[in-house]
Amino acid sequence: MNSLHSKFHINSEDWAGLEPISDQEKQVRIDLATAYQLAYLKNWDDGIYTHISASVPDEDGTYLLNRFGLRFNEVTPQNLVKVNLQCQVLTGEGPVNQTGFAIHGAVHAARSDAKCVLHLHVDSVIAVSAQAKGLLPISQHALRFYRDVAYHDYQGLALSAKEQATLLENLADKKAILLHNHGSIVCGASIQQAFYLMDVLDKACKIQVLSRSDQDFICPPAEICELTYGQLCSDGDDEGRLEWPAYERALMDS
């Protein structure tokens, strides 16, 4: 068993440094740290900025976030920070990024179904977010978001209370929102679903960026887009469950 696999295990000796926590929280910590490490392998990180958060089971209003100052590949199940919706650190060593908290705290507070929230600055997604027509239905990957993506205008670095309200209004019940000139937020009913959807969104945006913007794109008819969107969403919130073990193997083999 390599050192990474040892740390990412519910029976790891590294848990001893934390106050007693449930096996359910340990598993969420393992899955969330796995998502961070995988995001690093996919080049989704942005130095010490951007975040992935997950709700703590059976603890309303609390979630786990990376410590500000760590790169994604430095995140482990044990060094994740537990915070509440007031940005108070409950467990672990802070600090947490205030702008990151403003985004994640707002979404977690407003969307009880958002058990995991990814806010990333991925090159392909930023490029598409800056295009006036947004994400186009030119690939099967993009069709997963045919009725499931929103948009939000750029308003600067800091997320004010007023902008939080606008962001949440724009997001509504969608799984993804493109932040113009900035990046994206993806929500999932589980870490597995949120990570899988971000993977699909990244590929959809890469395909669009690789396509020549001066071309007339071949897009399926609206009825086919609707049909395919329904087919791609047929697993409901179980999305990502089947793929997750393969993601985990990719991490442990890296």
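Residues numbered from 1 in each chain as written. Predicted model: local features only at pLDDT ≥ 70, side-chain atom pairs only at ≥ 80, totals over all residues. Heavy atoms only, no water.

Undergrad: Mind showing me how you'd approach the packing of helix H2 (residues 23–41) against helix H9 (residues 244–252) here?
TA: How two helices pack is summed up by the angle between their axes together with the distance between the axes. Running from amino to carboxyl end, H2 crosses H9 at an angle of 65 degrees, the nearest separation of the two axes being 10 Å. In this structure, H2 meets H9 at a crossing whose hand is left-handed. Mapping the contact onto sequence places Asp31, Thr34, Ala35, Gln37, Leu38 and Leu41 in H2 and Trp244, Tyr247, Glu248, Ala250 and Leu251 in H9. The residue inventory of the contact of H2 with H9, partitioned by class, reads seven nonpolar, two polar and two charged. (Axes fitted to C-alpha atoms, helices over the stretch in contact; angles between N-to-C directions. Helix = DSSP H or I, 4+ residues; strand = E, 2+ residues; numbered from the N terminus. Left-handed = near helix turned anticlockwise from the far one by under 90°. Contact = heavy atoms within 4.5 Å. Nonpolar A, V, L, I, M, F, W, Y, C, P; charged D, E, K, R; others polar.)

Undergrad: What's the story with empty space enclosed by the protein in this structure? I'm lost.
TA: If you roll a probe as big as a water molecule over the atoms, it shows you where there is empty space left. Going through the model one piece at a time under the given rule, you end up with one cavity of 30 Å³ or more. Size it by volume and the largest cavity reaches roughly 100 Å³. Looking at the largest cavity, it is lined by 13 residues, and the ones nearest its centre are Ile103, Leu159, Glu163, Leu179 and His182. Sorting the residues of the lining of the largest cavity by element identifies helix H3 (98–110) and helix H6 (161–171) as the ones contributing at least two each. Here the lining of the largest cavity is built from residues that sort into seven nonpolar, five polar and one charged. (1 Å grid on protein atoms, 1.4 Å probe; cavity = no way out; pocket = protein on both sides within 12 Å on 5 of 7 lines; lining within 4 Å. Points joined across faces, edges and corners; volume = space filled by probe spheres on them.)

Undergrad: Honestly, helix H8 (residues 222–232) in this entry has me stumped. Any pointers?
TA: Because the α-helix completes a turn every 3.6 residues, residues three or four places apart line up on one side. The set of residues buried in H8 consists of Cys225, Thr228 and Tyr229. In a view along the axis of H8, the buried residues occupy a sector of 105 degrees, so they form one face of it. Check the buried side of H8 and you find it contacts helix H5 (140–143). (Buried < 20%, exposed > 50% of the residue type's maximum accessible area, 1.4 Å probe, protein only. Arc of directions from axis to C-beta.)

Undergrad: Teacher, can you tell me more about the environment of alanine 106 here?
TA: For alanine 106, the position within the fold is in helix H3. In this structure the C-alpha to C-alpha distance between alanine 106 and alanine 161, which are 55 residues apart in sequence, comes to 9.2 Å. In this structure alanine 106 touches Phe101, Gln164 and Leu168, once residues within four positions along its chain are discounted.

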